[in-house]
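Read off the chains here:
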Amino acid sequence: MEATIRSVHPGDENTLAYIQTESWKAAFADILDTETLARCTDVNKATDMYRRLLKEHKGNGYLLLVDGKPHAIAYWDAARDAAFQGKAELICIHSLPDRWRRGYGSQLMDRVLKDIRAAGYSEVVLWVFKDNARARAFYETKGFAPTEYTKPALNTNEILYALSL
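Residues numbered from 1 in each chain as written. Predicted model: local features only at pLDDT ≥ 70, side-chain atom pairs only at ≥ 80, totals over all residues. Heavy atoms only, no water.

Student: Give a description of the overall build of the chain that names residues and reports values.
Tutor: If you tally the helices and strands in the chain, you get 5 helices and 7 strands. Element order for the chain, N to C, with α for helix and β for strand: β-α-α-α-β-β-β-α-β-α-β-β. For 165 residues, the compact-globule estimate of 2.2 N^0.38 gives 15 Å, and the C-alpha radius of gyration of the chain, at 15 Å, lies within 12% of that figure. For the chain, the C-alpha atoms occupy an extent of roughly 40 × 35 × 35 Å along the three principal directions. Per-residue burial for the chain yields a buried fraction of 44% across its 165 residues. Counting only contacts in the chain whose residues sit at least 6 apart along the sequence, the fraction spanning at least 24 positions is 63%. For the chain, the accessible surface area stands at approximately 8800 Å², while carbon and sulfur atoms represent 47% of it. (Helix = DSSP H or I, 4+ residues; strand = E, 2+ residues; numbered from the N terminus. Rg over C-alpha atoms; globule rule 2.2 N^0.38 Å. Buried < 20%, exposed > 50% of the residue type's maximum accessible area, 1.4 Å probe, protein only. Contact = heavy atoms within 4.5 Å. Areas by Shrake-Rupley, 256 points an atom, 1.4 Å probe, with all protein chains shown as cover.)

The structure is reproduced here in structure tokens:
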């Protein structure tokens, strides 16, 4: 199976929304309450969000395809929180659950980190649900480390991870 990665562009919003919402349903079913998960996986709202991001050229988005079929997405930009000014932020990385643990997320992360370095950033941060052991383990294998920063989010808690490039 061949994986290719490309930048996202207008017209990708439906694909981006589908991958994100399906990933959330599988990954966060035991982390978020049913009502919150349903609200956050509304594919129409996600499509509108991606349509706006693409129209405004906001962030740096990627689509990973396996044998030409969309499988995973990632987005990064300058850190959104003023406390982390000057750092890049991995805003999301999601993949369809049918091919988890086959190395595609790792390929996508490697590409994102390469591009963040090329953009001149020396550190990247990301927020992850504290109870998301699978994602935390993935980030740690890529060199990210948990920090002391935490915050409430969606009726649970997130922890900030950081990586020096």
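There is more to say after this.
Student: Residue-level account of the pairing of strand 6 (residues 145–153), with values.
Tutor: Taken together, the 6 bridges between strand 6 and strand 7 (residues 156–164) define a ladder with antiparallel strand orientation. Paired with Lys151 across the two strands is Glu158, which belongs to strand 7. Counted between consecutive antiparallel strands, the loop separating strand 6 from strand 7 contains 2 residues, among which Leu154 sits at a positive phi close to 55°. (Pairing = 2+ DSSP bridges.)

Student: Describe in detail the packing of helix 1 (residues 13–27) against helix 3 (residues 43–55), supporting the description with residues and values.
Tutor: Two numbers describe a pair of packed helices, the interaxial angle and the distance between the axes. The geometry of helix 1 relative to helix 3 is characterised by a closest axis approach of 8 Å and an angle of 130° between their N-to-C directions. Considered as vectors, helix 1 and helix 3 are oriented oblique to each other. The way helix 1 lies across helix 3 gives a crossing that is right-handed. Listed contacts from helix 3 to Glu13, Asn14, Leu16, Ala17, Tyr18, Gln20 and Thr21 of helix 1 are Val43, Ala46, Thr47, Met49, Tyr50, Arg51 and Leu54. Here the residues of the contact of helix 1 with helix 3 sort into 8 nonpolar, 4 polar and 2 charged. (Axes fitted to C-alpha atoms, helices over the stretch in contact; angles between N-to-C directions. Parallel < 35°, antiparallel > 145°, perpendicular 65-115°, else oblique. Left-handed = near helix turned anticlockwise from the far one by under 90°. Nonpolar A, V, L, I, M, F, W, Y, C, P; charged D, E, K, R; others polar.)

Student: Which residues make up unusual backbone geometry, and what are the values?
Tutor: A positive phi angle, close to 50°, is found at Asp67, a residue other than glycine. When you line up the elements, Asp67 lands in the loop between strand 2 (60–66) and strand 3 (69–78). Despite not being glycine, Asn155 has its phi angle at roughly 65°, a positive value. Its place among the elements puts Asn155 in the loop between strand 6 and strand 7.

Student: Give a description of the layout of surface pockets that names residues and reports values.
Tutor: Over the atoms, a rolled probe matching the size of one water molecule traces out where space is still vacant. The space that makes up the largest pocket amounts to roughly 1300 Å³. Taken together, 49 residues line the largest pocket, and the ones lying closest to its centre are Ile91, Cys92, Ile93, His94 and Tyr139. Looking at the lining of the largest pocket, the elements that each hand over two or more residues are helix 1, helix 3, strand 3, strand 4 (88–95), helix 4 (104–118), strand 5 (123–129), helix 5 (133–141) and strand 6. In terms of residue count, strand 4 provides more of the lining of the largest pocket than any other element does, 7 residues in total. Of the residues that constitute the lining of the largest pocket, the class distribution is 26 nonpolar, 11 polar and 12 charged. In this structure, the second largest pocket encloses a volume near 160 Å³. Ser7, Val8, Gly59, Asn60 and Gly61 are, among the 16 residues lining the second largest pocket, the residues nearest its centre. For the lining of the second largest pocket, the secondary structure elements donating two or more residues are helix 3, strand 2, strand 3 and helix 4. Ranked by the residues each element gives to the lining of the second largest pocket, the list is headed by strand 2, at 3 residues. (1 Å grid on protein atoms, 1.4 Å probe; cavity = no way out; pocket = protein on both sides within 12 Å on 5 of 7 lines; lining within 4 Å. Points joined across faces, edges and corners; volume = space filled by probe spheres on them.)

Student: Tell me about the nonpolar core, and please be specific about residues and values.
Tutor: With 24 residues, the main nonpolar core has Leu90, Val124, Tyr139 and Phe144 as its most contacted residues. Listing elements by their share of this core, those giving two or more residues are strand 2, strand 3, strand 4, helix 4, strand 5, helix 5 and strand 7. Looking at this core, the element that brings in the most residues is helix 4, giving 6 residues. In contact with Val124, other than residues within four places in its own chain, are Ala88, Glu89, Leu90, Leu113, Ile116, Phe144, Tyr161, Ala162, Leu163 and Leu165. (Core = buried A, V, L, I, M, F, W, Y, C linked by side-chain atoms within 4.5 Å.)

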